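# Close look at the chain arrangement
Here are the chains, one letter per residue:
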Amino acid sequence: MFSLSWVLGSYFLICGGVCAAAAGYAAVGAREPGAGYAAFFVGAALGGFLSGRASPHRSYLEPALAAALVVASLMAFIY
């Protein structure tokens, strides 16, 4: 069963993971580009994991769609 509201909830969980990883990256003071990419990956993976675990039903579509929306919105923000 597809739930558009859960896509929005997953979006914010994944964005929260990415923001937490970015805050940790800035707090450590790392300046290497590879560390920034690793922080983005860890934050997105953590947010996606929490989103999948918090889902009220068994569906992989909502977290995956939310992750694609996070990537698209970050690319639009950078552009």
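A quick note: this is a predicted structure, and the numbers were derived from the prediction, not measured. (Residues numbered from 1 in each chain as written. Predicted model: local features only at pLDDT ≥ 70, side-chain atom pairs only at ≥ 80, totals over all residues. Heavy atoms only, no water.)

Right, let's get into the nonpolar core. Soluble, globular proteins show a tendency: their nonpolar side chains are buried together. Grouped together as the largest cluster of nonpolar side chains are 6 residues: Val7, Tyr11, Ile14, Cys15, Ala66 and Val70. When contributions to this core are tallied by element, the ones reaching two or more residues are helix H1 (4-28) and helix H3 (61-78). Examining the composition of this core, we find that 4 residues originate from one element, H1, more than from any other. (Core = buried A, V, L, I, M, F, W, Y, C linked by side-chain atoms within 4.5 Å. Buried < 20%, exposed > 50% of the residue type's maximum accessible area, 1.4 Å probe, protein only. Helix = DSSP H or I, 4+ residues; strand = E, 2+ residues; numbered from the N terminus.)

Moving on, we get to a nonpolar patch on the surface. On the surface, a nonpolar cluster with roughly 480 Å² of combined accessible area is contributed by Phe2, Leu4, Leu61, Leu65 and Leu69. In terms of residues, the nonpolar patch owes the most to one element, H3, which gives 3 residues. Mapped onto the secondary structure, leucine 4 falls in helix H1. For leucine 4, a relative accessible area of 62% translates into the label exposed. (Patch = residues over 30% accessible without salt bridge, like charges linked within 9 Å, V, L, I, M, F, W, Y side chains within 5 Å. Areas by Shrake-Rupley, 256 points an atom, 1.4 Å probe, with all protein chains shown as cover. Salt bridge = Lys/Arg side-chain N within 4 Å of Asp/Glu carboxyl O.)

Looking now at the packing of aromatic side chains. Applying the stated criterion across every chain, the model contains 1 aromatic pair. A centroid spacing of 5.5 Å and a plane angle of 80° characterise the contact between tyrosine 11 and phenylalanine 12, whose relative ring orientation is edge-to-face. Judged by its relative accessible area of 53%, phenylalanine 12 falls in the exposed class. (Phe/Tyr/Trp six-rings, centres within 6.5 Å; stacked < 30°, edge-to-face > 60°.)

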